[in-house]
Amino acid sequence: MRVIDHMVAGGQTATDAASTRQGDVFDPNSGQVQARVMLGDAALLERAVAAAQAAQPGWAATNPQRRARVMFRFKELVEQNMDALAHLLSSEHGKVIADAKGDIQRGLEVIEFACGIPHALKGEYTQGAGPGIDVYSMRMPLGIGAGITPFNFPAMIPMWMFGVAIACGNAFILKPSERDPSVPVRLAELMREAGAPEGILQVVHGDKAMVDAILDHPAIGAVSFVGSSDIAHYVYRRGVEAGKRVQAMGGAKNHGIVMPDADLDQVVADLSGAAFGSAGERCMALPVVVPVGDKTADALREKLIPAIDALRVGVSTDAQAHYGPVVNAAHKRRVEDWIQTGVDEGAELVVDGRGFKLQGYEEGFFIGPSLFDRVTPQMQSYKEEIFGPVLQIVRAPDFETAVRLPSEHQYGNGVAIFTRNGHAAREFAARVEVGMVGINVPIPVPVAYHSFGGWKRSAFGDVNQHGMEGVRFWTKVKTVTQRWPDGSPDGSNTFVIPTMA
């Protein structure tokens, strides 16, 4: 049985690990255990922190251009290994190869942004702030940062975090999900091959014990997290209490508003991917569609049913499959339980994906696509994140209700509006209480040089992921006020603090 080990500077093996606990890594297609991952503890983290402390000062002193060259080389190596990485990712997560490559590519776009770090780190300068006095600022690395990442994007989200953090001059300790840990380890190997010093990017595996060790360790200055909202709140609260800078991204229940003038064929095509792609295991999936008016709702439903029936569920290596299995048996049960909850609450189950079996892979973690209609805001299945291939129709009588539904929801990650009316789109974007808005764009994940972040219980902390927000998160500002006296003997160079007067 293959054992997936930590990647800690100086070498770490199963035989010398401080902890010998292991977790199962499944092949979601077959339902069988394919590997075991070592689960570390606080003693292992101490080793990683010591290696980071030894490496980080020299890395911070390396000029930004040279750090950028490492990022360029890392990008090249990931691109050269794209096929192997995508197959490795699919084998543990279950998403189809095309989605796996998309996962990697979206992470690489942040690496591309990090290649421009010399420009992003430039500070501010004021000449003559006072008599002979200049003031300038510098962005300095924090020291050691850590990332705690979820199973659903084992390449993209780690690269969102460590790409910017390392380019800014920090060392980084990554704790990926123990459900699909191999790709993060491989990325760390490629970063080392690209020229990053040993100890600058390390991977530790673990469960809550490792998470708590990271949150409590005094040498780790900042923690970035993506996962469920309850855990995000826990991470934020415990990390801040320990004096850390924390950004913690939580769950989502993204809505797609369909106006009466929308192109319904395009909406259905967009929903097929946004609601069901990657088996719905995306925080930016679109699991709720809100048609405005019953006429719009009836027409949309009529078009959705055959489109859903045409979706192909297959193994992750099936090039014709629209999506593959969910990540493990527990998550499959959770999604199916939410479907039953929706039925019990009185929603109309139009398409039932439970009981789906793929010939030859009967033990795999597959769920067929499901569609609910006449879901109401009072239903628990609407309030909570299902995180599976389930689409809910919530009918809105008018535009005001369509604005209010996502605005009043506990999550505020993303929202989309489908319309040909520019005024309606502009009004919606300005008024809706959600962090990321798409206008005829079903999954409004910003490009890498902007930033990613939701509102309400979708995000805890004040700074978003990647882009210039990421640079601000992974650095601290030092401001210098300087004067160079000319040594006049008459004492005319008496120092005066600059003021606004």
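Conventions we followed
Residues numbered from 1 in each chain as written. Predicted model: local features only at pLDDT ≥ 70, side-chain atom pairs only at ≥ 80, totals over all residues. Heavy atoms only, no water. Axes fitted to C-alpha atoms, helices over the stretch in contact; angles between N-to-C directions. Helix = DSSP H or I, 4+ residues; strand = E, 2+ residues; numbered from the N terminus. Left-handed = near helix turned anticlockwise from the far one by under 90°. Contact = heavy atoms within 4.5 Å. Nonpolar A, V, L, I, M, F, W, Y, C, P; charged D, E, K, R; others polar. Pairing = 2+ DSSP bridges. Phe/Tyr/Trp six-rings, centres within 6.5 Å; stacked < 30°, edge-to-face > 60°. Salt bridge = Lys/Arg side-chain N within 4 Å of Asp/Glu carboxyl O. Buried < 20%, exposed > 50% of the residue type's maximum accessible area, 1.4 Å probe, protein only. Domains from an automatic or database assignment. Buried area = accessible area lost by both parts, 1.4 Å probe. Polar contact = N/O pair within 3.5 Å; in protein donor to acceptor, adjacent residues only side chain to side chain.

1. What to know about the packing of helix H3 (residues 82–93) against helix H4 (residues 97–114)
- Contact geometry for H3 and H4: axes closest at 8 Å, N-to-C directions at 115°. Note that H3 runs across H4; the crossing there is right-handed. Taking contact as the criterion, the partners of Met-82, Asp-83, Leu-85, Ala-86, His-87, Leu-89 and Ser-90 in H3 are, on H4, Ile-97, Ala-100, Lys-101, Asp-103, Ile-104, Gln-105 and Leu-108.
- When grouped by side-chain class, the residues that make up the contact of H3 with H4 number 8 nonpolar, 3 polar and 3 charged.

2. Some details on the pairing of strand E5 (residues 133–141)
- As defined by bridge partners, strand E4 (residues 125–130) adjoins E5 across 3 bridges and the pair is classed as antiparallel. Following the sheet pairing, Gly-130 is matched in E5 by Ile-133.
- Adjacent in sequence and paired antiparallel, E4 and E5 are bridged by 2 residues, among which Gly-132 carries a positive phi angle near 70°.

3. Some words on the packing of aromatic side chains
- All chains considered together, the criterion is met by 10 aromatic pairs.
- Their ring planes at 70° and their centres at 5.9 Å tell us that Phe-74 and Phe-162 sit as a pair that is edge-to-face. With Phe-74 in helix H2 (residues 64–80) and Phe-162 in helix H6 (residues 156–167), the pair connects residues that are 88 residues apart, well separated along the chain.
- With a centroid separation of 6.0 Å and an interplanar angle of 85°, the aromatic rings of Phe-151 and Phe-387 are classed as edge-to-face. Placement of Phe-151 in the loop between strand E6 (144–148) and H6 and of Phe-387 in the loop between helix H13 (380–383) and strand E15 (390–393) is noted, with a sequence separation of 236 residues between them.

4. Here's the deal with the pattern of salt bridges
- Scanning the model with the defined rule gives 28 salt bridges in all.
- Of the charged contacts in the structure, one is a salt bridge between Glu-79 and Lys-75, with a shortest N-O distance of 2.7 Å. On the criterion of helical spacing, the pair formed by Glu-79 and Lys-75 is a turn pair, its members being 4 residues apart in helix H2.
- A residue is classified by how much of its surface remains accessible, and Glu-79, at 37% relative accessible area, is partly exposed.
- Notably, a salt bridge pairs Arg-312 with Asp-318, separated by 2.8 Å at the nearest N-O pair.
- You can call Asp-318 buried: its relative accessible area is 17%.
- A cluster of three or more residues bridged by salt bridges with shared partners is formed by Asp-294, Asp-298, Arg-301, Glu-348, Asp-373, Arg-374 and Arg-395.

5. Description of the domain arrangement of the protein
- Structurally, the protein comprises domain 1 (2–250 + 459–480) and domain 2 (255–439).
- Computed over C-alpha atoms only, the centres of domain 1 and domain 2 are separated by 31 Å.
- The interface of domain 1 with domain 2 comprises 21 residues on the first partner and 24 residues on the second.
- Summing the contributions of domain 1 and of domain 2, the shared interface buries around 1700 Å²; its carbon and sulfur component is 60%.
- On the surface where domain 1 and domain 2 come into contact, there are 0 salt bridges.
- Our count for the contact surface shared by domain 1 and domain 2 stands at 5 residue pairs in polar contact (both at pLDDT 80 or more).
- At the level of secondary structure, the elements contributing two or more residues to the side of domain 1 that touches domain 2 comprise strand E2 (22–27), H3 and H4.

6. Let's talk about the sheet that holds E4
- Reading across the sheet, the 3 strands line up as E4-E5-E21 and stay open at both edges, with antiparallel pairing between neighbours. Each edge of the open sheet carries a strand with a single partner, namely E4 and strand E21 (475–483). Neighbour-to-neighbour, the strand axes of the sheet open up by a mean angle of 30°, direction not taken into account.
- Bridging between E5 and E21 involves 9 bridges; their strand directions are antiparallel. Following the sheet pairing, Pro-141 is matched in E21 by Thr-475.

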